[in-house]
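Geometric and topological summary
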Amino acid sequence: MSRNDEIADRLEVFADLLEAKGVEYKPRAYRRAAENVRDYPGDVEGLAAEGEDAVGEIDGVGDAISSKVVEYFETGEIAELGELREELPVDMAALTAVEGVGPKTVGSLYEALGITTLDELEAAAEAGELQEIKGFGAKTEQNILENIDFAREANARTLLGTAHPYGEQAKRYVADIDAVETCALGGSLRRWRPTIGDVDVLVGSEDGEAVVDAFTDWPEVEGVIEAGETKASVRAGGLRVDLRVVVPGEFGAALQYFTGSKDHNVVVRNRAIERDLKVNEYGVFDVSDVADSEDHQRAGERVAGETEEGVYEALDMEWVPPELRENRGEVEAAADGDLPDLLVEGDVRGDLHTHSEWSDGGNTVAEMAAGAADFGHDYIAITDHATGPGMVGGVGVDDADLREQIAEVEAVAGEADIDVFSGVEANIAADGEVSVADDVLADLDVVVASPHAALDGDGTDRLVAAAEHPEVDIIGHPTGRYLNRRPGLDVDVERLATAAAEAGTALEINASPARLDLDGYAVKAAIEAGATVAINTDAHSPGSFPQVTYGVHTARRGWAEAGDVLNARSAAELREFLDD
Ligand code: DGT
Ligand code: CA
Ligand code: CA
Ligand code: ZN
C-alpha cells in the first residue's frame, strides 16, 4: 500500500467514526479529502514534510485535515482518531459490510446495545433486540439477519481487481530474489475468481530458507503469520500472501496442485487412479508396482512433474487453462481434446458501454474516443445514463439531450481514427419497462439497458422483457450485483439467454472489478443457450479501458470463444448485429 493510500484510509475511518457519532457535515469533508489524497499523483508524505500549508494545496484538504495529515506522518498516529476509536470500539469495516448498515447505524447499535462485532450483531438480531431500538423495526432486523452471512464472506475475500495487481507486485519481488529459479501465482488468483481469499505464490528453488528469509523481508509485509523452511504466510496490503517453495524438478506438479480448484484436483486425481498413476504436489508417479507397505508421497516411478503441461500429458489430456479448473466438465473435455479455443485479450476490438461528461463520466466524448483509440480499440460506443427512475442524483441525459449528443458523437466520429457509436444506458424498471422513448432509441447506434434499482428477488421476467424490446442491443450488468456489497437479482440465465438469443440481444460481461456481471458460470450457461456476450468496461474515464482484462478472463471462465463475443467482431459485423 502506498503511503497516500495509508493516510486516505485513516481519513475514511475518521469520517465513519464521526458519522457514527452523529456529527454532521464533517464526515463528508473527510471523505472528500480522503478521495483526493488517494488520487493525488505526487507523494503526500513529502508534502507533509514541508508542512501543513503544502498539504493544504491538495483539493478539499482544509486546515483541520492537513494538520492531521502532518501529525500522522510525524508521529505515526492521529491522536483524535485514537480517541474516537476508544469511544467507539467497533469493527466498523465488518459491520458496515452488512447491506443496509452504515456508520450511523453502527453508532446507534453501539449506543443502544454495545454491539461491536458481526457475531454480537447476529446474536442481538436473533434475540429480537434490534427491533426494540428507536428507528429500527422488525423488517430492518430481518433484513440485517439475512445479510449477515453474505457480509461475513465479503469480509474474508478481496476483489480480484485489488488482489490481482498486488499479487503481480508480490511476484515481481519474489522473482527478483537470487535463489529463485521459477515463480508463479497459483490459487484463485490464477483462476481469476472474482474474489480472492488469499494470494498464493509458488517458487522453484534449491534453497527454500533463503527464499523464505528474503520473502519475509519484503517491505510490504505488515506481519509474519508463519515462516518455515519451505513455506511462509504473511499479511501485506491487507491481504494474506502464502509462499511455497519446491525444488525446480517438482515445480509443475506443485503449480498444478496449488492452482486448484480443489474440486478440479479431485477429478484429476481420480483420472490418475484409473490409470494406475498417482498425482500429488510432488509429481505424477506410476504406482502399478508399488506395494501398499511402501506407499509414501514419492513412491513409484516418477513420470512427470517438472512442468504443468507434463502433468496433464501424463494423464492423456490437454493442458487445462486455469480459468476452466472449476470442475465444470473441463477434465472430460480435455481428455476428449474438446476444450474451447478460448478468447484472448487481443480479440476484443472495442468497448460498447462507456460514460462521458454528459452523465457521470469525467471526460468529453472526444476524449473518450481518443482514449479508446490510444488503447488500441477499433470502436467505442458512448452510452451515458438516461435520466429516469433508478438514476441517483439526477445525473443523466433526457430525450432532448440524447438528440444533441447524437450530433456531437457524429461530429467526433468524423474526426476520430476509430468508429464512434452513439448510444445510451437506459434503465430497466422493475416491470421490465425501458426508460427512454422508442423513437429516440431507434436513432441511437447502441442501446444498453441495465437494472439499477429494486435489485431483490427474481429478475428473470424483467430482464427477458428488456431483452425482447426491439431497440435494446445489450443487457448491461444483468444481475446488478456489487461484489462483497450486494448479491443482485436472481436470474434464470438459461431462460434469459434463450430469449436474448432469439431477440438478437447480447448479454454483458461488465468488466468493472466491482461487478464482474455476468460471472463466469452464468456466461457458460448463456453461451450454451446460444446467447452472444459483450465485454464492456463501463468506463467513466479512459483510465478504465485496461479493466477489459477482468472481463476477458471472466469470459474465459465461461468457456467463451471469440465467436461468442459481440465486441470481438469487426465494426462492420457489429453494425450488422446492431441493425438486425
Ligand atoms: P481462495 O484463496 O479461497 O480464494 O481459493 P484458493 O483456490 O486459492 O484456495 P487456497 O488458497 O486455500 O489453496 C490454493 C490451492 O491449493 C487450492 O485451490 C487447491 C490446493 N489445496 C489447498 N488445500 C487443499 C486441500 O486440502 N486439498 C486439495 N485437494 N487441494 C488443496
Ligand atoms: Ca488462495
Ligand atoms: Ca492459500
Ligand atoms: Zn449501469
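Being a predicted model, the structure only gives us computed values, none of them experimental.

**Re the overall build of the chain**
Each helix and strand in the chain was counted, giving 25 helices and 17 strands. With respect to the principal axes defined by its C-alpha atoms, the chain has extents near 80 × 65 × 55 Å. Within the span of the chain, comprising 580 residues, buried residues form 52% of the whole. In the chain, the proportion of contacts linking residues at least 24 apart, taken out of those at least 6 apart, comes to 66%. As presented, the chain carries roughly 25,600 Å² of accessible surface, and 43% of it is formed by carbon and sulfur atoms. Between the mean site of the 46 positive side-chain charges and the mean site of the 123 negative ones, the chain shows a separation of 5 Å.

**Observations regarding unusual backbone geometry**
In this structure, Ser-261 follows Gly-260 across a cis peptide bond, with omega equal to -5 degrees. With respect to the helices and strands, the residue Ser-261 is situated in the loop between helix 14 (251–259) and helix 15 (262–274). Backbone torsion omega between Asp-517 and Leu-518 reads 5 degrees, so that peptide bond is classified as cis. Take Leu-518: it is sitting in the loop between strand 16 (506–510) and helix 23 (520–528).

**Some thoughts on the pattern of salt bridges**
Overall, the coordinates contain 30 salt bridges when judged by the stated rule. The salt bridge involving Glu-80 is made with Lys-68; its shortest N-O contact spans 3.5 Å. Of the two residues, Glu-80 sits in helix 6 (residues 79–87) while Lys-68 sits in helix 5 (residues 63–75), which places them twelve residues apart along the sequence. On the basis of relative accessibility, which here comes to 34%, the residue Glu-80 falls in the partly exposed class. What you see here is one network of salt bridges that share partners, running through Asp-5, Asp-9, Glu-12 and Arg-38.

**Quick notes on the coordination of the calcium ion (ligand 3)**
Coordination of the calcium ion (ligand 3) by the protein comes from Asp-198 (OD), Asp-198 (OD), Asp-200 (OD) and Asp-242 (OD), over a distance range of 2.3 to 2.6 Å. Taken in chain order, the donor set of the calcium ion (ligand 3) reads D-x1-D-x41-D. In this model, the calcium ion (ligand 3) sits 3.7 Å from the calcium ion (ligand 2), the two metals being bridged by Asp-198. You can see Asp-200 sitting in strand 4 (residues 199–204) and its partner Asp-242 sitting in strand 7 (residues 239–246), a full 42 residues away along the chain. With respect to class, Asp-200 is no different from Asp-242; both count as buried.

**Points about the domain arrangement of the chain**
What the domain assignment reports for the chain is domain 1 (3–155), domain 2 (158–246), domain 3 (251–335) and domain 4 (345–579). The straight-line distance from the C-alpha centre of domain 1 to that of domain 2 is 30 Å.

**Digging into the sheet that holds strand 10 (residues 301–304)**
Hydrogen bonds between backbone atoms are what pair the strands of a sheet, whose relative direction is either parallel or antiparallel. With antiparallel pairing, three strands are arranged side by side in an open sheet as 8-9-10. In the strand order of this sheet, the two ends are held by strand 8 (277–280) and strand 10, each with one partner. Put simply, the sheet's adjacent strands are angled 35 degrees from each other on average, direction ignored. Pairing of strand 8 with strand 9 (residues 283–286) involves four bridges; the strand directions are antiparallel. Across the sheet, the residue bridging to Val-279 is Val-284, located in strand 9.

**A word on helix 13 (residues 208–216)**
Here helix 13 has its buried residues at Gly-208, Val-211, Val-212, Ala-214 and Phe-215. Summarising the axial view, the buried residues of helix 13 lie within an arc of 165 degrees, below the 170-degree limit, and thus occupy one face. On the buried face of helix 13, the contacting elements are helix 11 (160–175), strand 4, strand 5 (221–227), strand 6 (231–236) and strand 7.

**Points about the coordination of the zinc ion (ligand 4)**
The zinc ion (ligand 4) binds to the protein through Glu-425 (OE), His-452 (NE2) and His-477 (NE2), with metal-donor distances spanning 2.0 to 2.3 Å. Spacing between the donor residues of the zinc ion (ligand 4) along their common chain follows E-x26-H-x24-H. One end of the pair, His-452, is in the loop between strand 14 (446–450) and helix 21 (460–467); the other, His-477, is in the loop between strand 15 (474–475) and helix 22 (493–503), and 25 residues separate them in sequence. For the pair shown, His-452 and His-477 are each scored as buried.

The rules behind these values
Residues numbered from 1 in each chain as written. Chains lettered and ligands numbered in written order. Predicted model: local features only at pLDDT ≥ 70, side-chain atom pairs only at ≥ 80, totals over all residues. Heavy atoms only, no water. Helix = DSSP H or I, 4+ residues; strand = E, 2+ residues; numbered from the N terminus. Buried < 20%, exposed > 50% of the residue type's maximum accessible area, 1.4 Å probe, protein only. Contact = heavy atoms within 4.5 Å. Areas by Shrake-Rupley, 256 points an atom, 1.4 Å probe, with all protein chains shown as cover. Lys, Arg positive; Asp, Glu negative; His and termini not counted. Charge placed at Lys NZ, Arg CZ, Asp CG, Glu CD. Salt bridge = Lys/Arg side-chain N within 4 Å of Asp/Glu carboxyl O. Donors = N, O, S within 2.8 Å, 3.2 Å for Na, K, Ca; no water. Domains from an automatic or database assignment. Pairing = 2+ DSSP bridges. Axes fitted to C-alpha atoms, helices over the stretch in contact; angles between N-to-C directions. Arc of directions from axis to C-beta.

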